[in-house]
Amino acid sequence: MDLDYILNHLGEDREDYYNAVSPPIIQSSNFAFANLDAFREAIANEANATIYTRGNNPTVRMLCKKIAALEQAEDALVVGSGSAAISMAIMSQVKAGDHVVCVQKPYAWTTKLLENILGRFGVSHSFVDARDISEIEAAITPSTTLLMLESPNSLTFELQDLEACAELAKKHGLVSCIDNSYCTPLYQKPIEMGIDIVVHSGTKYLNGHSDVVFGAICANREIIEKIFHGEYMTLGGIMSPHDAALVIRGLRTLPLRLDRSSRSAERIANFLAEHPMVESIIYPHHPSFPQYDLARKQMQAAGGLISFHLKAPDIETSERFFHALERFLLAVSWGGHESLVMPTAAFHKIPGQEDSPLPWTLFRLYIGLEDPDWLMEDLSRAFEKCKQG
Ligand SMILES: *Cc1c(COP(=O)(O)O)cnc(C)c1O
């Protein structure tokens, strides 16, 4: 299906609502029926009926159709956060006694789900260095049911070879699931590569305006129906129709935003790589990246995130660099219009907590939609100030 058709027309039955170009926000919890037979028919097929908004809502459903088509999945569900999407997808594939093989250092709340919650229900897990397919295979036990991937991860960007992982999962009868938030379906298509379930934090690029938190689960119809009747309806972590309409609006410009972010980040990564104050950069489409060939093979572009190590002999130097930046906001998350900086030094010296194992030299930048020259001016000025002491 054409990207332009998906983003501008798919799921938008305009004749049903006065031919309005922009979709209506069906802000209703409840839907009434003309007669008993129609009601009975809807109950018999709730996954495809509009009865109650914890199940289906027309505005939310429109977004599901677009996201499924973007991921080339048969169907999709959208939920109240990326974390909810990950939790529902993982929970749908395990029961007491099962084992999950998960990439090392996944998103923090994926770790917490496996360690703090599923452990209580008798589901065990192993974290593996999944850059090496043999490490994954070695961790698989007779009770393993799920392979949980995240490629790249969102700080140091380690990759997994997705085709090899999909093949391995099939060989051992496992379901494979990937957190594809970093790439979006525009830059990486896991289902085409044989992965079963794709989850997203749509809070990042898919919405793209830093004003909605939501998640998505994409898979074949059988898996999606199972999750719909199970975790989705039961846990009830739905997305509101109003937020769905905002995301549909955000999606209209997804290719433009990603392209801008990605091109600017590529330029800024090159600028950083050559700067005398920079020790090293981490950017999957930069030749210095250890898995560069794999990144070129399975990711169409590398997006707006860049990590780098500053030449900082002490934490004060990192703090000086950070304080000299004027055009990057200090904030978590990414994928919006605005550029961000996340210094690892922020995770040192937290009152009452142990220092992060990550060195204070590490910075993560998210490059938003501003002029890259304007951002590089800011970085240059901060490097200068940091050098002067
Ligand atoms: C942000 C993020 C999540 C969590 O998404 P929320 O929408 O914040 O719940 C999950 N995975 C990755 C890779 C993320 O960056």
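Here, the structure is the one placed above.
Residues numbered from 1 in each chain as written. Predicted model: local features only at pLDDT ≥ 70, side-chain atom pairs only at ≥ 80, totals over all residues. Heavy atoms only, no water.

Can you walk me through the site of the ligand in this structure?
The full set close to the ligand counts 14 residues, and Gly82, Ser83, Asp179, Thr203 and Lys204 are the nearest of them. Contact distances for the ligand include 2.9 Å between an oxygen atom and a side-chain N or O atom of Ser201. Measuring from an oxygen atom of the ligand, one finds a side-chain N or O atom of Lys204 at 2.6 Å. Judged by the fraction of its atoms near the pocket grid, the ligand is located in the largest pocket. With three residues, the single largest contributor to the shell around the ligand is helix 4 (residues 82–91). Among the residues making up the shell around the ligand, the classes are represented as five nonpolar, six polar and three charged. (Near = heavy atom within 4 Å. Polar contact = N/O pair within 3.5 Å; in protein donor to acceptor, adjacent residues only side chain to side chain. 1 Å grid on protein atoms, 1.4 Å probe; cavity = no way out; pocket = protein on both sides within 12 Å on 5 of 7 lines; lining within 4 Å. Sits in = over half its atoms within 2 Å of the grid points. Helix = DSSP H or I, 4+ residues; strand = E, 2+ residues; numbered from the N terminus. Nonpolar A, V, L, I, M, F, W, Y, C, P; charged D, E, K, R; others polar.)

Explain the sheet that holds strand 6 (residues 197–201) here, please?
Sheet strands line up and pair through hydrogen bonds in the backbone, either parallel or antiparallel. Taken in spatial order, the seven strands make up an open sheet running 1-7-6-5-4-2-3, and their pairing is mixed. If you trace the sheet from one side to the other, it starts and ends with strand 1 (75–79) and strand 3 (124–128), each paired once. Neighbour-to-neighbour, the strand axes of this sheet turn through a mean angle of 20 degrees, independent of strand direction. Packing of helix 3 (residues 58–70) onto the sheet brings it into contact with strand 1 and strand 7 (215–219), and relative to strand 1 it is tilted by some 125 degrees. Where helix 4 meets the sheet, its contacts fall on strand 1, strand 4 (144–150), strand 5 (175–179), strand 6 and strand 7, and the angle it forms with strand 6 comes to roughly 160 degrees. (Pairing = 2+ DSSP bridges. Axes fitted to C-alpha atoms, helices over the stretch in contact; angles between N-to-C directions. Contact = heavy atoms within 4.5 Å.)

I keep staring at the layout of surface pockets and nothing clicks. Help me out?
Taking a probe equal in size to a water molecule and rolling it over the atoms shows the remaining empty space. Of the volumes computed, that of the largest pocket is approximately 1,300 Å³. Every residue lining the largest pocket is counted, 41 residues in all, and those nearest its centre are Tyr107, Ala108, Ser154, Leu155 and Phe347. Secondary-structure elements contributing two or more residues to the lining of the largest pocket are helix 4, helix 5 (108–117), strand 6 and strand 11 (340–343). Here the lining of the largest pocket gets four residues from one element, more than from any other, and that element is helix 5. Along the lines of polarity and charge, the residues of the lining of the largest pocket split into 17 nonpolar, 16 polar and eight charged. When its volume is computed, the second largest pocket comes out at roughly 370 Å³. In terms of lining, the second largest pocket is formed by 18 residues, of which the most central are Asp13, Pro58, Arg61, Met62 and Lys65. Considering only residue class, the lining of the second largest pocket consists of seven nonpolar, six polar and five charged. (Points joined across faces, edges and corners; volume = space filled by probe spheres on them.)

Honestly, that's just the spatial picture; any functional story needs more than this.
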